[in-house]
Amino acid sequence: METIIKLTEVNKIYRTEEIETQALENVNIDVEKGEFLSIMGPSGCGKSTLLNIMGLLDEPTSGEIELCGTKIDPRLSDNRLAEFRNRTLGFVFQSFHLISSLNVLDNVQLPLMYRGVGYGERMRRAKEVIERVGLSHRMKHTPVQLSGGQCQRVAIARAIVGNPEIILADEPSGSLDSQNRTELHRLFFDLRDTFGQTILIVTHDEELASISDRVVRMSDGKIIV
Ligand code: ADP
Ligand code: MG
């Protein structure tokens, strides 16, 4: 087994003028390559903070992070960090975060553009993943012309277009009805089975949790199981 994400004694404290919140307290976790992991816990317990720190979108107050065998040096420049993030990680958020003025194809190819991949190759790979998520017939639509379930599929296509090793999804099915939720979960499992990607999903869905490889339960900034 190969550890792909390793957090050691990670703490995150948010400080504002009036209040100090310990969002994560001494978190230790090892995730194996190819693992499908659900993260659960009540609102405010630190799930998004954990995911954002793993995804290098936020910095811990203390502690160490290792991704794909690389220790993350907090002194890395924002550019280097963004480059590493772009190459290694794919994100899916509850509210999709699609660009409303761009059509499906252009939304999906964007991460490759940031990586400097040429136009032809970008289009080829974007079309491939759009087909994978079953939206080839919606390539020229903009997000407002799509349903919530379809928007989330676009967001997944965008997350996987660069073939990242790790996919982090924060309540990806939170705004979907039960049928779309089931389809979305199937899509994630499919990805893992086809490409062996490591997938971490924050969810309130006990059904998804029950079919995951492992469930991490959090309470008050701590991992309890
Ligand atoms: P969850 O995703 O489990 O609902 P979060 O990780 O979003 O929880 O939040 C954990 C705690 O940290 C909460 O008490 C929240 O209010 C606080 N928090 C999250 N982000 C910030 C921030 N940017 N500034 C201050 N407090 C924050
Ligand atoms: Mg959250």
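This is a predicted model, so every value here is computed, not measured.

About the thresholds
- Residues numbered from 1 in each chain as written.
- Chains lettered and ligands numbered in written order.
- Predicted model: local features only at pLDDT ≥ 70, side-chain atom pairs only at ≥ 80, totals over all residues.
- Heavy atoms only, no water.
- Near = heavy atom within 4 Å.
- Polar contact = N/O pair within 3.5 Å; in protein donor to acceptor, adjacent residues only side chain to side chain.
- Helix = DSSP H or I, 4+ residues; strand = E, 2+ residues; numbered from the N terminus.
- Nonpolar A, V, L, I, M, F, W, Y, C, P; charged D, E, K, R; others polar.
- Core = buried A, V, L, I, M, F, W, Y, C linked by side-chain atoms within 4.5 Å.
- Buried < 20%, exposed > 50% of the residue type's maximum accessible area, 1.4 Å probe, protein only.
- Lys, Arg positive; Asp, Glu negative; His and termini not counted.
- Salt bridge = Lys/Arg side-chain N within 4 Å of Asp/Glu carboxyl O.
- Phe/Tyr/Trp six-rings, centres within 6.5 Å; stacked < 30°, edge-to-face > 60°.
- Axes fitted to C-alpha atoms, helices over the stretch in contact; angles between N-to-C directions.
- Parallel < 35°, antiparallel > 145°, perpendicular 65-115°, else oblique.
- Left-handed = near helix turned anticlockwise from the far one by under 90°.
- Contact = heavy atoms within 4.5 Å.
- Pairing = 2+ DSSP bridges.
- Expected span 1.5 Å × (residues − 1).

(A) Fine view of the site of ligand 1. The full set of residues close to ligand 1 is Y14, T21, A23, P42, S43, G44, C45, G46, K47, S48 and T49. Measuring from an oxygen atom of ligand 1, one finds a backbone N or O atom of C45 at 3.3 Å. Between ligand 1 and S48 there is a distance of 2.8 Å, counted from an oxygen atom to a side-chain nitrogen or oxygen. Looking at the shell around ligand 1, the elements with two or more residues in it are strand 2 (20–32) and helix 1 (47–54). Split by residue class, the shell around ligand 1 holds 4 nonpolar, 6 polar and 1 charged.

(B) Expanded view of the nonpolar core. Counting residues in each nonpolar core, the largest one holds 36 residues, and the members touching the most others are V92, V108, I130, I156 and F188. Of all the secondary-structure elements, those providing two or more residues to this core are helix 3 (104–114), helix 4 (119–132), helix 5 (148–160), strand 7 (166–170), helix 6 (178–195) and strand 8 (198–202). The greatest single-element share of this core, amounting to 7 residues, is contributed by helix 5.

(C) Local environment of the side chain of E171. Tracing the backbone through its elements, the reader meets E171 in the loop between strand 7 and helix 6. The charged side chain of E171 is buried without a salt bridge, its nearest counter-charge being K47 at 4.7 Å.

(D) Summary view of the packing of aromatic side chains. Taken as a whole, this structure holds 2 aromatic pairs when the rule is applied. When the ring of F36 is compared with that of F189, the centres are 3.9 Å apart and the planes differ by 5°; the resulting orientation is stacked. Here F189 lies in helix 6 and F36 lies in strand 3 (residues 36–40), a separation of 153 residues in the sequence. With relative accessibility at 0%, the residue F36 sits in the buried group.

(E) Summary view of the packing of helix 5 against helix 6. Where helix 5 contacts helix 6, the axes come no closer than 10 Å and their chain directions differ by 15°. Overall, the two elements helix 5 and helix 6 adopt an arrangement that is roughly parallel. Relative to helix 6, helix 5 is oriented so that their crossing is right-handed. From helix 5, G149, Q152, R153, I156 and I160 reach across to helix 6, where they touch N180, E183, L184, L187, F188 and L191.

(F) Looking closely at the sheet that holds strand 6 (residues 89–93). Within the open sheet, the 6 strands sit side by side as 6-7-8-3-9-10. Their pairing is mixed. The two strands at the open ends of the sheet, each matched to only one other strand, are strand 6 and strand 10 (222–223). Note: strand 3 against strand 8, 4 bridges, orientation parallel. Following the sheet pairing, I39 is matched in strand 8 by V202. Each of strand 3, strand 6, strand 7, strand 8 and strand 9 (214–219) is contacted by helix 1, which is oriented at about 155° to strand 7, the strand it contacts most. The strands touched by helix 5 are strand 6 and strand 7; relative to strand 6, the strand with the most contacts, the crossing angle is about 165°.

(G) Just unusual backbone geometry, in detail. Phi is positive for N26, close to 45°, though the residue is something other than glycine. With respect to the helices and strands, the residue N26 is situated in strand 2. A positive phi angle is found at N163, which is not glycine, with a value near 55°. Structurally, the position occupied by N163 is in the loop between helix 5 and strand 7. Residue classification places N163 among the exposed positions, given a relative accessible area of 52%.

(H) Broad picture of helix 4. In a regular helix each residue adds 1.5 Å, so 14 residues correspond to 20 Å; helix 4 covers 20 Å between its end C-alpha atoms and thus fits that length. Those residues of helix 4 that fall on the buried side of the exposure criterion are R122, M123, R125, A126, V129 and I130. Downstream of helix 4 by one or two residues, G134 has phi in the positive range, about 75°.

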